[in-house]
Amino acid sequence: MIGILAIVLSLIGLMYFAYRGYSVLILAPVMAAFAVIMAQGGPVLATYTQIFMSSLGRYVVLFFPIFMLGAIFGKMMADSGASTTIAHTIIKRLGARHAIAAVTLACGLLTYGGVSLFVVAFAIYPIAAALFREAHIPKRLIAGAIALGSFTFTMTALPGTPAIQNAIPTRFFGTTTFAAPGLGIIAAAIMLFGGLAWLGWRQRRAQAAGEGYGDHKEDLQTFDEGERPGFFMAVLPIIVVIGLNGLCSLVIFPRMDLTYLAEQTYGNVQPSAVIGTWALIVALVGAILTVVIGHRRYLRDVRQTLNQGTAGSMLPIFNTASEVGYGAVIASLAAFLLVRDAVLAIAPGTPTISMAVAINALAGITGSASGGLSIALDTLGGTYLERAAAAGISPELLHRIAAIASGGFDSLPHNGAVISLLTITALSHRQSYFDIFIVNLMVPVIALVTVITLGTTFGSF
């Protein structure tokens, strides 16, 4: 009983202090040490160096290339003005009348193309603010529109998305980022159209009440048209990301002779465990080279952009890796066996339901989709894979459900991306969080339930 209480109190402490703005790099080991001391009296230092840091390091080894290359690519797209061009073009085509849909689709295209959601928020916000002001739409809805386009269907559902949440399951289930494409598209459609329906209803209700954009002092900067590439050149790197990812995942690597991976030198792994990661690495490198070559005249300082993009990848990956380290420490406690058994007891004949509940819970607790997903699969991924095989459930279905489940309860108020988005848009939780809650949590959960139902009934497609 003391062990369970230790886990619960440490989780509450992690959520509370993260919401208060304390760094996860400090919080995760401190809260892990608190749980160890309270549950079993130590040993704290051995737990920190041998469990926490080992798990943190393992996560960095597996996923650092994707974080780094994604951050570099996003920075290059932003610095060259390509992100601005894409946003301007979509918004201009749809017009102020469809401002919410325009902002959402612009964010969706950029994030599906591999641009970091943080970079997208910075790039889109000035354009969205100007458009919403012109259309007399309340500014408080901007956060919901950006969140819908950046944190939902392109993060977890659309097949082939280079988001880390879609890459993590490939390591555990031997799948590719294109796993269960039909179910992914259905989930993406529910998230997109469900979110747009909600925000559209909120817009009409506000305008009927006479609420306009509001009085906000803003100093917004955007690229002039001559300082950025045209639409085709701007979108070309995104086409390269999606195309190369699919080509490498589905055609090139599966046909290569990868038997050498069975050697101890290369980790004695199955090809399926690395193909998804390799495909993303090749795709992002190809996209970066496309930007460097095609947008060279718009990049003022390639070296500076490369350096800033690389540096910008450090905090996100170490934040997530620290949460994974925290999860590994909790999983090492004797009391965690009771928690694990309780989770596994949920719909024992249907591992997809149990897995979805576990991932959602851990993502909500840590305030991180990738963190909660990694912790759940690190501790229970093998068990779910075995149960799925026994029940005739394909690894592809597990992959898509795991990815979608990570993007539900992660969006609670202490989520780092939510806090960053509200900071960028100069809005408060009181002003905008309710809409974020609906489009980022409630609608994705509906999509998740739909995918589980369809997948259980008809299998993976």
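Summary of the structure given here. Source: prediction; values computed, not measured. (Residues numbered from 1 in each chain as written. Predicted model: local features only at pLDDT ≥ 70, side-chain atom pairs only at ≥ 80, totals over all residues. Heavy atoms only, no water.)

### Brief notes about the nonpolar core
For soluble globular proteins, nonpolar side chains are generally found buried alongside one another. The biggest cluster of nonpolar side chains holds 130 residues, and the ones touching the most others in it are I124 and F132. Once you skip the residues sitting within four places of it in the chain, F132 turns out to touch A99, I100, V103, I137, P138, L141, I142, A145 and Y213. Counting residues in hydrophobic clusters, the runner-up holds 7 residues, among them C248, F253, L261 and V274. (Core = buried A, V, L, I, M, F, W, Y, C linked by side-chain atoms within 4.5 Å. Buried < 20%, exposed > 50% of the residue type's maximum accessible area, 1.4 Å probe, protein only. Contact = heavy atoms within 4.5 Å.)

### Digging into the packing of helix α15 (residues 351–366) against helix α17 (residues 395–406)
The relative placement of two packed helices comes down to the angle between their axes together with the axis-to-axis distance. Between α15 and α17, the shortest axis-to-axis distance is 8 Å and the interhelical angle comes to 30°. It follows that α15 is roughly parallel to α17 by the angle criterion. Two packed elements cross with a definite hand, and for α15 against α17 that hand is right-handed. Between α15, through T352, M355, A356, I359, N360 and A363, and α17, the contact on the second element is made entirely by L397, L398, I401, A402, A405 and S406. Its residues assigned to classes, the contact of α15 with α17 shows 9 nonpolar, 3 polar and no charged. (Axes fitted to C-alpha atoms, helices over the stretch in contact; angles between N-to-C directions. Helix = DSSP H or I, 4+ residues; strand = E, 2+ residues; numbered from the N terminus. Parallel < 35°, antiparallel > 145°, perpendicular 65-115°, else oblique. Left-handed = near helix turned anticlockwise from the far one by under 90°. Nonpolar A, V, L, I, M, F, W, Y, C, P; charged D, E, K, R; others polar.)

### Focus: the pattern of salt bridges
Taken as a whole, this structure holds 3 salt bridges when the rule is applied. A salt bridge links R202 to D435, with the shortest nitrogen-to-oxygen separation between them at 2.7 Å. Of this pair, R202 sits in helix α10 (residues 181–208) while D435 sits in helix α19 (residues 429–458), placing them 233 residues apart in sequence. For the pair shown, R202 and D435 are each scored as buried. (Salt bridge = Lys/Arg side-chain N within 4 Å of Asp/Glu carboxyl O.)

### Details of helix α11 (residues 231–255)
Between its first and last C-alpha, α11 extends 35 Å over 25 residues, near the 36 Å set by a 1.5 Å rise per residue. Within α11, the axis deviates most sharply at C248, by approximately 50°. Looking at α11, one finds that the buried residues are A234, V235, P237, I238, V240, V241, N245, G246, C248, S249 and F253. Its buried side turned inward, α11 meets α3 (44–79), α4 (82–94), α5 (99–112) and α12 (272–294). (Expected span 1.5 Å × (residues − 1). Bend = angle between axes of the 7 residues up to and from the residue.)

### Regarding the environment of G149
Along the chain, the position of G149 falls in helix α7 (residues 142–151). G149 gets classed as buried once you look at its relative accessible area, which sits at 0%. For the pair formed by G149 and T84, sequence separation is 65 residues and the distance between their alpha carbons is 15 Å. Not counting residues up to four positions away in its chain, the partners in contact with G149 are T104, C107, G108, T111 and T154.

### Some points on unusual backbone geometry
Residue H136 is not a glycine yet carries a positive backbone phi of 60°. Within the secondary structure, H136 is located in the loop between α6 (117–135) and α7. The backbone phi angle of A426 is positive, close to 55°, even though this residue is not glycine. As for its position among the elements, A426 is in the loop between α18 (416–424) and α19.

### As for the side chain of N166
Relative to the helices and strands, N166 resides in helix α9 (residues 164–173). A residue is classified by how much of its surface remains accessible, and N166, at 0% relative accessible area, is buried. There is a polar contact of 3.0 Å between the side chain of N166 and the backbone oxygen of T161. Apart from the residues within four sequence positions on either side, N166 is in contact with M155, L158, G160, T161, T177, H399, R400 and A403. (Polar contact = N/O pair within 3.5 Å; in protein donor to acceptor, adjacent residues only side chain to side chain.)

### A word on the packing of aromatic side chains
In this description, an aromatic ring pair is defined by two values, namely the gap between the centres and the angle between the planes. The tally for this structure, following the rule as stated, stands at 10 aromatic pairs. Look at Y59 and F63: their rings are 5.0 Å apart centre to centre, the planes differ by 50°, and that puts the pair in the tilted class. Of this pair, Y59 and F63 both sit in helix α3, separated by 4 residues, roughly a single helical turn. With a relative accessible area of 3%, Y59 lands in the buried category. What links up through ring pairs into an aromatic cluster is the set Y16, F17 and Y22. (Phe/Tyr/Trp six-rings, centres within 6.5 Å; stacked < 30°, edge-to-face > 60°.)

### Section: α17
With 12 residues, α17 ought to run about 16 Å at 1.5 Å a step, and its terminal C-alpha atoms sit 17 Å apart, in line with that. α17 sits mainly inside the fold: 10 of its 12 residues count as buried. Among all positions of α17, only L397, L398, H399, R400, I401, A402, A403, I404, A405 and S406 are buried. Here the buried face of α17 lies against α8 (153–157), α9, α10, α15, α16 (369–391) and α19.

### Things to note about the environment of I419
With respect to the element layout, I419 can be found in helix α18. For I419 and Y433, which are 14 residues apart along the polypeptide, the C-alpha to C-alpha distance reads 9.7 Å.

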